[in-house]
Each structure stands twice: as C-alpha cells, then as structure tokens.
Amino acid sequence: MAYSEKVIDHYENPRNVGSFEKGDDSVGTGMVGAPACGDVMKLQIKVNPSTGLIEDAKFKTYGCGSAIASSSLITEWVKGKSLDQALDIKNTQIAEELALPPVKIHCSILAEDAIKAAVQDYKAKHGEAGEAAEQKQAA
Ligand code: FES
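Within an unreviewed UniProt entry, the label attached to the protein chain reads Iron-sulfur cluster assembly scaffold protein IscU, and the organism entered is Piscinibacterium candidicorallinum. Check the Function (unreviewed entry) section of the UniProt entry for the protein chain; it says "A scaffold on which IscS assembles Fe-S clusters. It is likely that Fe-S cluster coordination is flexible as the role of this complex is to build and then hand off Fe-S clusters." Its UniProt record gives the protein chain the following Sequence similarities (unreviewed entry) comment, quoted word for word: "Belongs to the NifU family."

Below you can see the structure in the form of structure tokens.
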C-alpha cells in the first residue's frame, strides 16, 4: 500500500512533536490508544486563558505513519481555534486531507479522539466539566 504524499510529508517532517512542561494548567492532555493495532497517541493543547483560544499544540505518537501524519496535521489545525471549534474537527476531514485508505481510517479516528480528550481534560481542569465530576463523587 502506498502512502499519499501528504502522509509522507508529515511523517518525515512532523509538526509540533513533543510535550509541554508538566504542571502547566493552561494545557489539556489527551491520551488514546487504538485497540485494533495497539498504537498510542498523546496530544496536548495549550490554551490562552484570556482569549480561550488554542495557541499551541504538541503530540507524541507511537504508531504507524498515518497516525503520525494525522496527529501532526491536527496539531496544525487546532492552533488559533476555540475549544468548541477543535471539537468540531472530524476524522473524515483528516482522512480526506491525507487521502487515507479505508484500512487507515482508524488512525485518523485516533487523532479526533485524542483532541477531544485533550479538550475534555482542559475543561475538567478549568471547572467546565467540574459539575459532572462532582456528581460522580457524590454518587
Ligand atoms: Fe493503528 Fe495507524 S495502524 S493507528
């Protein structure tokens, strides 16, 4: 199976690899795994507290070329977006942009799940999901 040129580009020159310093509460972290292949993706967003916009994003992916390309692409896409806009990114947009074949669709789903998890983590830290957490504790 041949990778598309865009996958190869992101794979060879991944954007935004790395992670933010621990303990920075403007950062939300999402870590997800794909049961189908065992690949793991960690994706982080850094949010500007005064604008509420994502100003930076980083990832570490232990996975196939498509997973690396998907995470590289999505970290580029979320920069400058609001949390809600980031939640709107669909794996199908990633798969289309990277021309992923059907067997590699789950790699783009991993990126969508990872960004959603990162946004949830940020919201939980900043109280937006606090109510749900409190309810869970009470139960
Ligand atoms: Fe599983 Fe790509 S093969 S993430």
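Asker: Mind showing me how you'd approach the overall build of the protein chain here?
Answerer: Counting secondary structure elements, the protein chain contains six helices and three strands. Traced from its N-terminal end to its C-terminal end, the protein chain shows the element sequence α-β-β-β-α-α-α-α-α. Here the C-alpha atoms of the protein chain give a radius of gyration of 15 Å, agreeing with the 14 Å that 2.2 N^0.38 yields for 139 residues. Referenced to the eigenvectors of the C-alpha coordinate spread, the extents of the protein chain come out at roughly 50 × 35 × 25 Å. Sequence separation of 24 or more characterises 64% of the internal contacts of the protein chain that already satisfy a separation of 6 or more.

Asker: Looking at this structure, I do not really get the nonpolar core. What am I missing?
Answerer: Buried together is how nonpolar side chains tend to be arranged in soluble globular proteins. The biggest cluster of nonpolar side chains holds 30 residues, and the ones touching the most others in it are Ile45 and Ile115. The element contributing the most residues to this core is helix α5 (residues 105–125), with nine residues. When sequence neighbours within four positions are dropped, the list of residues in contact with Ile115 reads Gly30, Leu43, Ile74, Val78, Ala86 and Ile89.

Asker: Just checking my understanding: could you explain unusual backbone geometry for this structure?
Answerer: A negative phi angle characterises most non-glycine residues, just as the trans form characterises most peptide bonds. Positive phi is not limited to glycine here, since Asn16 has a value of about 65 degrees. Structurally, Asn16 can be placed in the loop between α1 (5–12) and β1 (27–33). Assessed through the 19 C-beta atoms surrounding it within 10 Å, Asn16 is described here as partly exposed. Of note, the phi angle at Ala99 is positive, near 50 degrees, even though the residue is not glycine. The residue Ala99 is located in the loop between α4 (91–98) and α5 in this model.

Asker: How should the UniProt feature "domain: NIF system FeS cluster assembly NifU N-terminal" (unreviewed entry) in the protein chain be read in this particular structure?
Answerer: Per the UniProt record, the feature "domain: NIF system FeS cluster assembly NifU N-terminal" (unreviewed entry) sits at residues 2–127. Span residues 2–127 is 44% helix and 19% strand, its end C-alpha atoms 45 Å apart.

Asker: Which parts of the structure should I look at to understand helix α2 (residues 65–78)?
Answerer: Residue pairs spaced three or four apart in an α-helix point in one direction, given the helix's 3.6 residues per turn. Its 14 residues give α2 an end-to-end C-alpha distance of 20 Å, which sits within 8% of 20 Å, the value for a rise of 1.5 Å per residue. Burial analysis of α2 places eleven of its 14 residues in the buried class, which makes it a mostly covered element. Within α2 the residues assigned to the buried category are Ser66, Ala67, Ile68, Ala69, Ser70, Ser71, Ser72, Leu73, Ile74, Thr75 and Val78. Summarising the contacts, the buried residues of α2 are in contact with α1, β2 (40–47), β3 (54–62), α3 (83–87), α4 and α5. One or two positions beyond α2, positive phi appears at Gly80, with a value near 85 degrees.

Asker: How should α4 be read in this particular structure?
Answerer: Within α4, the full set of buried residues consists of Asn91, Ile94, Ala95 and Leu98. For α4, the angular spread of the buried residues around the axis is 95 degrees, confining them to a single face. Where α4 is buried, its residues meet α1, α2 and α5. Following α4 by one or two positions, Ala99 has its phi on the positive side, about 50 degrees.

Asker: Got a minute to help me understand the pairing of β1 in this structure?
Answerer: Strand residues, when the strand is regular, have side chains that alternate between the two faces of the sheet. By the bridge criterion, seven bridges tie β1 to β2 in an arrangement that is antiparallel. Bridging from a neighbouring strand, Thr29 pairs with Gln44 of β2. Here β1 folds back onto β2 in antiparallel fashion, the turn holding six residues, of which Gly38 has a positive phi close to 85 degrees.

Basis of the calculations
- Residues numbered from 1 in each chain as written.
- Predicted model: local features only at pLDDT ≥ 70, side-chain atom pairs only at ≥ 80, totals over all residues.
- UniProt positions renumbered as here; feature names shortened; annotations may be inferred.
- Helix = DSSP H or I, 4+ residues; strand = E, 2+ residues; numbered from the N terminus.
- Rg over C-alpha atoms; globule rule 2.2 N^0.38 Å.
- Contact = placed C-beta atoms within 7 Å.
- Core = buried A, V, L, I, M, F, W, Y, C linked by C-beta atoms within 7 Å.
- Buried ≥ 20, exposed ≤ 12 C-beta atoms within 10 Å, placed from the backbone.
- Expected span 1.5 Å × (residues − 1).
- Arc of directions from axis to C-beta.
- Pairing = 2+ DSSP bridges.

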